[in-house]
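What follows is each chain in one-letter form.
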Amino acid sequence: MTPKRRKRIILIVIMIAGVAIAAGFALKAFNENLMFFYTPSAVVAGEAPVGHSIRVGGLVTNGSVQRQEDGLTVTFDITDNADTITVQYTGILPDLFREGQGIVARGRLQDGNLFIADEVLAKHDENYMPPEVADALKSAHKNGVEGAATGATKP
Amino acid sequence: MIPELGQFALILALVMALVLSIFPMIGSLNNTPGWVALARPAAWGQFCFIAIAFGCLVSAFLTNDFSVLYVAQNGNTLLPDVYKVSAVWGAHEGSLLLWVFILSGWTVAVSLLARHLPAVVLARVLSVMGLVCIGFLSFLLFTSNPFARVFPVPLEGGDLNPLLQDPGLAIHPPMLYMGYVGMSVAFSFAIAALIGGRLDAAWARWSRPWTTVAWVFLTIGITLGSWWAYNELGWGGWWFWDPVENASFMPWLAATALIHSLAVTEKRGAFKRWTVLLALLAFSLSLLGTFLVRSGVLTSVHSFAADPARGLFILIFLCLVIGGSLSLYAVRAPSVSSGGRFDMFSRETLLLGNNMLLVIITAFVLLGTLAPLIYDALGWGKISVGFPWFNRMFVIFTPLLVVLMGLGPLTRWKHQDPADLARQLRVALLVSLGGGILTALPLLHEGSIWAGLAVMLSLWIVGSLLLSLRQRLRYRKGLAGLWQDLGAKGSGSYYGMVVAHFGVAVFIIGVTFVMQYEVEKDIRLSPGESTELAGYTLRFDGVQAHQGPNYRADRGTVHLLKNDREIALLHPEKRIYTVQTKPMTESGIDVGFTRDIYVSLGEGLGNGDWSMRLYYKPFIRWIWLGGLLIAIGGLLAASDRRYRIAVRDRVPASAVLGNDGLIANRGS
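Residues numbered from 1 in each chain as written. Chains lettered and ligands numbered in written order. Predicted model: local features only at pLDDT ≥ 70, side-chain atom pairs only at ≥ 80, totals over all residues.

Draft legend 1. Representation of the overall build of chain A within the structure. Counting secondary structure elements, chain A contains three helices and seven strands. Ordered by position from N to C terminus, the α and β elements of chain A give α-β-α-β-β-β-β-β-β-α. Classification of the 155 residues of chain A by burial places 30% in the buried group. Pairs at least 24 residues apart make up 55% of the contacts formed inside chain A by residues separated by at least 6 positions. (Helix = DSSP H or I, 4+ residues; strand = E, 2+ residues; numbered from the N terminus. Buried ≥ 20, exposed ≤ 12 C-beta atoms within 10 Å, placed from the backbone. Contact = placed C-beta atoms within 7 Å.)

Draft legend 2. Expanded view of the overall build of chain B. Counting its secondary structure elements, chain B contains 20 helices and 11 strands. Over its C-alpha atoms chain B spans a radius of gyration of 27 Å, differing by no more than 12% from the 26 Å that the globule rule assigns to 668 residues. With the principal axes as the frame, chain B shows a C-alpha extent of 85 × 75 × 55 Å. Within chain B, buried positions represent 54% of all 668 residues. (Rg over C-alpha atoms; globule rule 2.2 N^0.38 Å.)

Draft legend 3. Expanded view of the packing of helix α3 (residues 39-62) of chain B against helix α6 (residues 92-113) of chain B. Residues and elements named next belong to chain B. In contact at an axis separation of 9 Å, α3 and α6 are set at 150 degrees when each is read in the N-to-C sense. Classified by the angle between their axes, α3 and α6 sit roughly antiparallel to one another. Crossing of α3 over α6 shows left-handed handedness. From α3, Arg-40, Ala-43, Trp-44, Gln-46, Phe-47, Ile-50, Ala-51, Ala-53, Phe-54 and Leu-57 reach across to α6, where they touch Gly-94, Leu-97, Val-100, Phe-101, Ser-104, Gly-105, Thr-107, Val-108 and Ser-111. (Axes fitted to C-alpha atoms, helices over the stretch in contact; angles between N-to-C directions. Parallel < 35°, antiparallel > 145°, perpendicular 65-115°, else oblique. Left-handed = near helix turned anticlockwise from the far one by under 90°.)

Draft legend 4. Local environment of the confidence of the model for chain A. Per-residue confidence for chain A averages 79 on the pLDDT scale, and 84% of its residues sit at or above 70. Taken element by element, chain A is modelled with least confidence in helix α3 (residues 131-153) of chain A, mean pLDDT 62, and with most confidence in strand β5 (residues 84-90) of chain A, mean pLDDT 91. (pLDDT = per-residue confidence, 0-100.)

Draft legend 5. The environment of A:Gly71, seen in detail. For A:Gly71, the location among the structural elements is in the loop between β3 (66-67) and β4 (73-79). By C-beta crowding, A:Gly71 is classed as partly exposed, having 19 other C-beta atoms within 10 Å. Taking the C-alpha atoms as reference points, A:Gly71 and A:Phe97, 26 residues apart in sequence, are found 16 Å from one another. If we skip the residues at most four places from it in the chain, A:Gly71 touches B:Arg524, B:Leu605, B:Asp609 and B:Ser611.

Draft legend 6. Spatial organisation of the sheet that holds strand β2 (residues 519-525) of chain B. Residue and element names in this part refer to chain B. The sheet built from four strands is open, its strands ordered β2-β11-β10-β9 with antiparallel pairing. Of all the strands in the sheet, the pair left with one neighbour each is β2 and β9 (588-590). On average, each strand axis in the sheet is tilted by 15 degrees relative to the strand beside it, whichever way the strands run. (Pairing = 2+ DSSP bridges.)

Draft legend 7. Just the environment of B:Ala123, in detail. All names here are of chain B. Its location among the elements puts Ala-123 in helix α7 (residues 119-143). Separated by 96 residues in the primary sequence, Ala-123 and Gly-27 place their C-alpha atoms 8.7 Å from one another. Setting aside chain neighbours within four positions, we find Ala-123 in contact with Pro-24, Gly-27, Ser-28, Val-36 and Ala-39.

Draft legend 8. Representation of the packing of helix α1 (residues 2-29) of chain B against α7(B). Residue and element names in this part refer to chain B. Interaxial distance between α1 and α7 falls to 8 Å at its minimum, and their mutual angle equals 150 degrees. As the angle between them shows, α1 and α7 are arranged roughly antiparallel. Between α1 and α7 the crossing geometry is left-handed. Residue composition of the contact of α1 with α7, grouped by class: 18 nonpolar, six polar and one charged. (Nonpolar A, V, L, I, M, F, W, Y, C, P; charged D, E, K, R; others polar.)

Draft legend 9. Expanded view of the domain arrangement of chain B. The domain boundaries assigned to chain B delineate domain 1 (1-160), domain 2 (164-343), domain 3 (410-517) and domain 4 (519-621). Using C-alpha coordinates to define each centre, domain 1 of chain B is positioned 45 Å away from domain 3 of chain B. (Domains from an automatic or database assignment.)

Draft legend 10. Highlighting the environment of A:Arg108. All names here are of chain A. Of note, Arg-108 is situated in strand β6 (residues 102-109). In this structure the C-alpha to C-alpha distance between Arg-108 and Val-56, which are 52 residues apart in sequence, comes to 9.4 Å. When sequence neighbours within four positions are dropped, the list of residues in contact with Arg-108 reads Gly-51, His-52, Ser-53 and Ile-116.

Draft legend 11. Focus on unusual backbone geometry. Along the chain, B:Phe151 connects to B:Pro152 via a cis peptide bond; the corresponding omega equals 0 degrees. Summarising the element assignment, B:Pro152 is placed in the loop between α7 and α8 (167-196).

Draft legend 12. Looking closely at helix α9 (residues 201-232) of chain B. Residues and elements named next belong to chain B. With 32 residues, α9 should reach 46 Å at 1.5 Å per residue; the first-to-last C-alpha distance of 45 Å fits that figure. Of all the 32 residues making up α9, 29 are buried; the element is thus mostly covered by neighbouring parts of the structure. Taken from the residues just after α9, Gly-234 is the one with a positive phi, measuring 80 degrees. (Expected span 1.5 Å × (residues − 1).)

Draft legend 13. Structural context of the nonpolar core. In terms of nonpolar packing, the biggest core is built from 225 residues, with B:Val100, B:Ala186 and B:Ala282 touching the most fellow members. In this structure B:Ala186 touches B:Ser207, B:Trp210, B:Thr211, B:Ala214, B:Leu258, B:Ala279, B:Ala282 and B:Phe283, once residues within four positions along its chain are discounted. (Core = buried A, V, L, I, M, F, W, Y, C linked by C-beta atoms within 7 Å.)

Draft legend 14. Representation of the pairing of strand β4 (residues 536-547) of chain B within the structure. Residue and element names in this part refer to chain B. Direction of pairing for strand β3 (residues 530-533) relative to β4: antiparallel, over a ladder of four bridges. By the bridge assignment for β4, Glu-532 is matched with Thr-537. If you look at the hairpin formed by β3 and β4, you'll find two residues sitting between the two strands, and Ala-534 has a positive phi there, around 50 degrees. Across nine bridges, β4 lies against strand β5 (residues 551-562) in antiparallel orientation. Looking at the pairing, Ala-545 lines up with Asp-554 of β5.

Draft legend 15. Focus on the confidence of the model for chain B. All names here are of chain B. Here chain B shows a mean pLDDT of 86. Residues at 70 or above account for 93%. Element-level pLDDT for chain B is lowest in helix α20 (residues 641-650), with a mean of 58, against a maximum mean of 95 in α3. Here residues 646-668 is a poorly scored stretch, pLDDT under 50, and it has 45 contacts once near neighbours within four places are set aside; other chains count. Interface confidence for the predicted complex, expressed as ipTM, amounts to 0.77; the pTM equals 0.88.

Draft legend 16. Just the pairing of β6(A), in detail. All names here are of chain A. Relative to β6, strand β2 (residues 53-60) is paired through seven bridges, and the arrangement is antiparallel. Looking at β6, one finds that Ser-53 is bridged to Arg-108. Across six bridges, the pairing between β6 and strand β7 (residues 114-121) is antiparallel. Looking at the pairing, Arg-108 lines up with Ile-116 of β7.

The structure is reproduced here in C-alpha cells:
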C-alpha cells in the first residue's frame, strides 16, 4: 500500500465515521421528536400516552368554545363524530378557528382526557380539511356503521 | 373568445415543445445540421405561444371574465388591479401556467445568451428543456386547464385568497418558480453532457452562471416567503419547517452544493460525476417540491384542497425524470475520467466536505418531510416531525459548515500545508473565540452559550474573509487596487463569494439572536391600558372600525414608548375580506435594524378589551438581510466577466458540429 493510498483510505474512513456518528445522533433525535396523531376516539379508548407531546385533531363542537376570566384561556371540545375530548389552550387562536371547523392541536394529554394544547392549527383555506381530521372522521364513521351493522345482526 | 385563443396557444405550444424535444435531439445524434438548427426557432415558438396563453389569462382577470372557471374562482371586480394580475398565479392552474411560462422563458434565454455554445450542445440542452416542458404542458392541458369555461356565468368572482393579497406574496411565487425552473437549465446541461459523453471544464463553465442565477432566484424566493410569513401570518414566525417550505429549501441546499462542486469541476476538472449527480438531484428535488405542494399529500399551511389525479400525474412525471436521468447517468458516468488529483488537505477536500454536509442536511430535511408519508403508507400511525428536530439538525451541521467556510477561501487548490494555514488564521481564530466567549458571558447583556457560539461562527467567517481579501489585494496595490480589481476577469466569482459568505455570517447572528432573546407576550388589554415588553412600553388606545377597498377591518391603535417618549404608532388590524368572509390578521410592526416590535390583534373580548400578541424580536431583520446578501453575492458571481469572454476562446475545435465523439475529459 503506497503512502498516498493509505492517506486516502484514512480520509475515507474518517469521513464515513463522521457521517455515521452524525446520522446516529440525528436518528436518535428524530425518534424523540416524532409526534403521533390521535383521534378523539383513540384518546377516549386510552391509546394515547399521557404526558407526551402528541397531536390530536377533529371538528370543533358547536357551542363548546368557552373563554375563561383572563380572556386568554379557552376550552373547547373536538370530535370525530364518535367521541369527544376537551382541549384547553392559552393564547391567541388562529384566524380561521371557529366552531364546526376542523383543527389540529399540538400539546400534551393530562389525566382525565383533558388536552392542554401548546399550539392550535387551522388552515388557510376554509374548505380545506386537515387530512388527519378527514381520515379520523372517515374511520369513526366506518366503525360506527360497522358497529351498527354487527349490532343489528346480534339477536 | 380570448380564453379560447389562450387554449389554442397552449396546444400549439405543446406541439412546438414536441418539435423541440424530438428533432434537434435526433439531429444532434445522427449529424443532421438542418434538424439541429431547428432548436432555436422551436424554442422561440414555444415561448411565444405560452406567452400568448399567459397574456390571455391576465386579460381574462383584468376584464373580470367570470365565464372562465379559474377567474370566477380567484378573481373579483373589487380586487385592485395589481392583485388581479397576481391572482393569475394565486391558485393551482394559473401557477402551473406561470411555471411553463417561466420554463419557456429560461429556454429562450439559453438560446439567446448561450450562443457561443457549439450548436450540437445547445440543441441538446434546448431539447431536454423541451422535454420537461412537454411534461408540464400536458399536465396543464389534461388535468388543470386554466381556460375551462363555466356555465351559468357567475355575476361575481370568488376573490383571491386574502392571504395572497400582499405585495410580498405577489412576487414570492414567481421568484421561487424562477429558481425551481432555473434548475432545469443545470439539469439540461448535465443531461446534454451525459448524452454527448463530454463532461469537462467547459461544460462546468457553461452551466455555472445559469445554476448560480437560478440559485439566486431560489434564495430571493425563500427569503421573501419567510418575510411574508412573518408579516402576514400574525404569529411572528419566519420559518416553520413546513413541508412546503422544505420543498423549496431542499433544492436550495442541493443547488448550493452544486455551485460549489461546479467550481471544482471548472477550476480543477475534478468531481465531474458528482457534479452531474448533484445537477440531477437539484432538479429532481424541485419537481418533488412541486409534487408535494400540488398533490396535497402532506399537511401543510400551504395545502389547499387537491385533486388526486394531479398528484398521480406529477408522481409519474417525477419517476420518469428521475429514473430516466439516473439510467442515463448509470450508462455514461463510468466512462468519465476522474480528473484532477488533489492532496488530503486542499481546497478540493474542503469543498468535498461542504458537499457532503449539504447533501446530508438535504437528506435529513427530506427524511423529516417525507417521514409522515412513509409512516402513513406503512400503517405505523400518523406522525409529524417536530420543528425542534430540524432545528437541532442545523445546530449540529451549521458549525461544521462554517468552519469549512472559513478555511476554504484561504486554502490552496491541490495542496495546502496545514501549519501554514493555521499561522494565517491565528488572529481570526483568536478574535472569534474571544468574541464568542464575551457574548456567552453575562457581562453586557444576558449571556447565552448559543448566542456566543453564533458570534464565534460569524466572526470566524468575517475574519477569514478579511484575511482572504488582504491576501488578494496585497499584489494589487492594496485598497486602492480594490476598485480596479472589481472589474477584472474572475473577480465577480471571488467578490460574490465574499458577499455571500458574509451574508451567511449575518444570517447566523439573526437566527440565533431572535431565537435566544425573543420575548413573547399574549395579553388582554383594555383601552388606555399599558404593558411593558423588553424595556418598551406599549399603550393600547382601543380599536376602531376601518373600511378598505375589499375588506372591512378592526383597526387597533398602539403607542410604542421608550423612556416615556413615543417612538412609533402601530396599527394592527383584523380584516374580514368581504367576498370570502375570511378573517386575516395584519400585524403592526415597528421595524428596526437591531429589533422589531410586533403587535397582532387576537379577538375582541367585550367592553373594548382585546386579546393581543406582542413580540420583541431582536435582530430579526438580519435574517432577511443575510438572505439578501447571499443573493447579491450570487448575482456578482454570475456576472463574472470570464463567463462572457472566455467561453468562445476555449471552445475546442472538436466540439464543433460533426466531430462529437465520446471524448471524456479535457479538464486537467
